[in-house]
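# Structural overview
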Amino acid sequence: AVAGTYPPGSTFKIASSLAGLSSGKISSDTIYEDTGEIFLGPYKFTNWYFNQYGKVEGSVNLVSAIKRSNDTYFYYLAQAVGEVSLAETAKRLGFGKTLGIDIPGEVPGLIPGNDWKVKEKGEVWFPGDTLHMSIGQGFVLSTPLQILNLTASVASLGREYQPHLALKNTEADGSLVKEFDFNSKDLGFKKEDLEIVKQG
């Protein structure tokens, strides 16, 4: 839960949604047409519903895109928002860093960008990387704890609580070693944006 890193997949669309809303590039009324696939040059990006059933969902707004986990919507959102805003919002939501849980071994996961890709892969960031990122695929890696933190932050309307397993540490004789802080911090998202995401 704290040391394993995995592509977050569609759970990451929550972060992408907030990136779109908080950047002002989309609103709850923004509609994209799901035709099953979109193209970037010779590269094809498809929606899971089209892949599995050969079906499309037509006009999709943000709430229905979250509800149906519509990849096509998030590809278009990614093009509108860009990788920098996606990455900044994800980091604000606890991805790409440790959350400070009170056990050893927590890892930060990975929110990639151009600098990381040039250093690690010897290639620049491509537009297709941004599309993959928006649906939690590609190079994005997270821990299960970070996914829990994401959903808890949205559920609490933008407040993040440092995760803990204990209230306090004591010696065998009961004397206090450390008492943990359970204060929260406001992540700075608009409540109306969070409500839209919660609705989805």
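Above this text is the structure in question.
Residues numbered from 1 in each chain as written. Predicted model: local features only at pLDDT ≥ 70, side-chain atom pairs only at ≥ 80, totals over all residues. Heavy atoms only, no water.

## Regarding the nonpolar core
Selection criterion: Nonpolar core, defined: a set of buried Ala, Val, Leu, Ile, Met, Phe, Trp, Tyr and Cys residues in which side-chain atoms within 4.5 Å join the residues together. Each residue is placed in one exposure class: buried if its accessible area under a 1.4 Å probe, protein chains only, is under 20% of its type's maximum, exposed if it is over 50%, and partly exposed if it falls in between. Working definition: helices are DSSP H or I runs of at least four residues, strands are E runs of at least two. Numbering for both runs from the N terminus. Throughout, a residue-residue contact means that at least one pair of heavy atoms, one from each residue, lies within 4.5 Å.
Formed by 41 residues in total, the largest nonpolar core has its most connected members in Tyr73 and Phe95. Listed by contribution, the elements that provide at least two residues to this core are helix 1 (13-23), strand 2 (37-40), helix 3 (62-68), helix 4 (71-81), helix 5 (83-92), helix 7 (127-134), helix 8 (144-155) and helix 9 (191-199). Ranked by residues supplied to this core, first place goes to helix 4 with six residues. Once residues lying within four places of it in the same chain are set aside, the contact partners of Tyr73 are Ile26, Ser27, Thr30, Tyr32, Val60, Asn61, Leu62 and Ala65.

## Observations regarding the packing of aromatic side chains
How we decide: Working definition: rings of Phe, Tyr and Trp (its six-membered ring) pair if their centres are within 6.5 Å, and the pair is stacked with planes under 30 degrees apart, edge-to-face with planes over 60 apart, and tilted otherwise. Geometrically, a charge over a ring is one whose NZ (Lys) or CZ (Arg) sits within 6 Å of the ring centre while staying within 35 degrees of the ring normal.
According to the stated counting rule, one finds nine aromatic pairs in the structure shown. Taking the centre distance of 5.2 Å and the plane angle of 25° together, the rings of Tyr32 and Tyr76 count as stacked. One end of the pair, Tyr32, is in strand 1 (residues 32-34); the other, Tyr76, is in helix 4, and 44 residues separate them in sequence. Summarising the aromatic geometry, the rings of Tyr73 and Phe74 are spaced 5.7 Å apart at their centres and angled 70° between planes, so their arrangement reads as edge-to-face. Taken as a pair, Tyr73 and Phe74 share a single burial class, namely buried. A network of ring pairs unites the aromatic residues Tyr32, Tyr73, Phe74 and Tyr76 as a single cluster. Here the guanidinium or amino end of Arg68 rests over the ring plane of Tyr49, the centre of that ring lying 4.9 Å away. The ring centre of Phe189 lies 3.8 Å from the NZ or CZ of Arg92, which sits over that ring.

## With respect to unusual backbone geometry
One non-glycine residue, Ser69, lies in positive phi territory at about 55°. Within the chain, Leu157 stands out as a residue other than glycine whose phi angle is a positive 55°. Residue position: Leu157 is located in the loop between helix 8 and strand 5 (159-161).

## A short note on helix 8
Helical geometry note: an α-helix holds 3.6 residues per turn, so side chains three or four residues apart project in the same direction. Here is the rule we go by: Take the residue count of a helix, subtract one, and multiply by 1.5 Å to get its expected span.
With twelve residues, helix 8 extends 17 Å between its outermost C-alpha atoms, agreeing within 8% with the 16 Å of an ideal straight helix rising 1.5 Å per residue. Listing the buried residues of helix 8 in full gives Leu145, Gln146, Ile147, Asn149, Leu150, Ser153 and Val154. Looking at the buried residues of helix 8, the elements they touch are helix 1, strand 5 and helix 9. Just downstream of helix 8 lies Leu157, where phi reads positive at about 55°.

Don't take any of this as a statement about function, it's just geometry.
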